[in-house]
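# An overview of the molecular structure
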Amino acid sequence: MNASRTASASPAALVYALWRNRQLIGQLTWRDIVQRYRGSVLGMAWSLLTPLAMLLIYTFVFSTVFPSRWSGLPPSKAHFATLLFAGLALHGFFSDVLNRSPSLVLGNPGYVKRVVFPLEILPVVGVGAAVFQLGVSMAVLAGAQYWLAGGLPVTAFWVPVLIAPLVLAALGCAWFIASLGVFLRDIASILVPLTAALMFLSPVFYAQEAVPEPFRGWLGLNPLTFVIEQVRAALMFGQAPDWPGLAAYATAAALAAWGGYAWFQFTRQGFADVL
């Protein structure tokens, strides 16, 4: 019998599934990371070189070609590049998770049909690989900020805490989209332009305060807005996190994760029939 025929969707079952399969999740996540760079000359060095190269390009473009400034920062030409890089790194993480999710189950029919396998960990593996790249990008960003400012504010150590709820929200989306991708093959084509549009609908190239007041509330509904603004505030402006806002965001993210997991568990019984 395929184990996917019976599955609990309770929050306790979610936590238990992640804990019970933690070693398998770690192994598959590392394999996913390695496979991304397999066959290349520099291998995993690209995970560091790519964000470093992008940061240098942004610094050149926005300090020489399009000189820009950001209210509240010193007049250094490179500061805008680091602000931009922070937003792009977080958007890149979220879009990577969304764009890869439709193929997580669809691309592994053997796990569904022939093997008793905890299918619910496939989205976790995808998110874990994206978190690895995000961590490298944040390390590059922290190094650049340290060099530009001569040090890091104490509040910079809150950055992982600020990013954690976004990871939860992304995981909920991954569970939902991975399941949806099995039944609706067009979802992958829909997500590519959607995530591209999300970059401009997030405060990546601008501050939230720059958005006209009537639209600012709508921008706040974007799951990236709060995290991008808070990471910038903690890492570059030395501001303490907005704890009430973070608590509300974390609660919403946890509910999103559970909702995505519940949907995945509810629909997984039909995977074998479709694949």
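Scope of this entry: the structure provided in the associated data block. Computed from a predicted model, the values in this text were never measured in an experiment.

## With respect to the overall build of the protein
Helix and strand counts for the protein come out as 13 helices and zero strands. Here the protein, with 275 residues, has 46% of them falling under the buried criterion. Long-range contacts, defined as pairs at least 24 residues apart, comprise 79% of the intrachain contacts of the protein with a sequence gap of at least 6. As displayed, the protein offers around 13,600 Å² of accessible surface, 70% of which is attributable to carbon and sulfur atoms.

## Some points on the packing of aromatic side chains
For the structure shown, the criterion picks out nine aromatic pairs. Both rings, one in Tyr-111 and one in Phe-117, keep their centres 4.1 Å apart while their planes meet at 5°; by these two values the pair is stacked. Of the residues examined, Phe-117 reaches a relative accessible area of 10% and is grouped as buried. Considering the side-chain rings of Phe-226 and Tyr-249, the 5.4 Å spacing of their centres and the 20° angle between planes classify their relative orientation as stacked. With Phe-226 in helix H11 (residues 223-236) and Tyr-249 in helix H12 (residues 243-267), the pair connects residues that are 23 residues apart, well separated along the chain. By relative accessible area, which is 13% here, Tyr-249 ends up buried. One aromatic cluster is present, built from ring pairs that chain together Phe-183, Phe-264 and Phe-271. Sitting over the face of the ring of Trp-19, Arg-22 holds its NZ or CZ atom 3.8 Å from the ring centroid.

## Points about the side chain of Thr-82
Examined against the element boundaries, Thr-82 turns out to sit in helix H4 (residues 79-100). Dropping the residues within four chain positions of it, Thr-82 is found in contact with Leu-55, Leu-141, Ala-144, Gln-145, Leu-148 and Met-236.

## Re helix H9 (residues 187-200)
With 14 residues, H9 extends 21 Å between its outermost C-alpha atoms, agreeing within 8% with the 20 Å of an ideal straight helix rising 1.5 Å per residue. Along H9, the residues classified as buried are Ile-187, Leu-191, Thr-195, Leu-198 and Met-199. Viewed along the axis of H9, the buried residues span an arc of 105°, placing them on a single side of the element. Looking at H9, the residues exposed on the side facing more than 90 degrees away from the buried face are Ser-189, Val-192 and Phe-200. The inward-facing, buried residues of H9 abut H4, helix H5 (102-106), helix H8 (159-183) and H11.

## Some points on the nonpolar core
Counting residues in each nonpolar core, the largest one holds 63 residues, and the members touching the most others are Leu-90, Phe-93, Phe-94, Val-105 and Leu-166. Discounting chain neighbours no more than four positions away, the residues touching Phe-93 are Val-127, Ala-130, Val-131, Leu-134, Leu-166, Val-167 and Ala-170.

## Details of a nonpolar patch on the surface
Together, Leu-49, Leu-52 and Leu-56 line one region of the surface with nonpolar side chains, adding up to about 250 Å² of accessible area. Along the chain, the position of Leu-52 falls in helix H3 (residues 46-65).

Cut-offs used in this document
- Residues numbered from 1 in each chain as written.
- Predicted model: local features only at pLDDT ≥ 70, side-chain atom pairs only at ≥ 80, totals over all residues.
- Heavy atoms only, no water.
- Helix = DSSP H or I, 4+ residues; strand = E, 2+ residues; numbered from the N terminus.
- Buried < 20%, exposed > 50% of the residue type's maximum accessible area, 1.4 Å probe, protein only.
- Contact = heavy atoms within 4.5 Å.
- Areas by Shrake-Rupley, 256 points an atom, 1.4 Å probe, with all protein chains shown as cover.
- Phe/Tyr/Trp six-rings, centres within 6.5 Å; stacked < 30°, edge-to-face > 60°.
- Lys NZ or Arg CZ within 6 Å of the ring centre and 35° of its normal.
- Expected span 1.5 Å × (residues − 1).
- Arc of directions from axis to C-beta.
- Core = buried A, V, L, I, M, F, W, Y, C linked by side-chain atoms within 4.5 Å.
- Patch = residues over 30% accessible without salt bridge, like charges linked within 9 Å, V, L, I, M, F, W, Y side chains within 5 Å.
- Salt bridge = Lys/Arg side-chain N within 4 Å of Asp/Glu carboxyl O.

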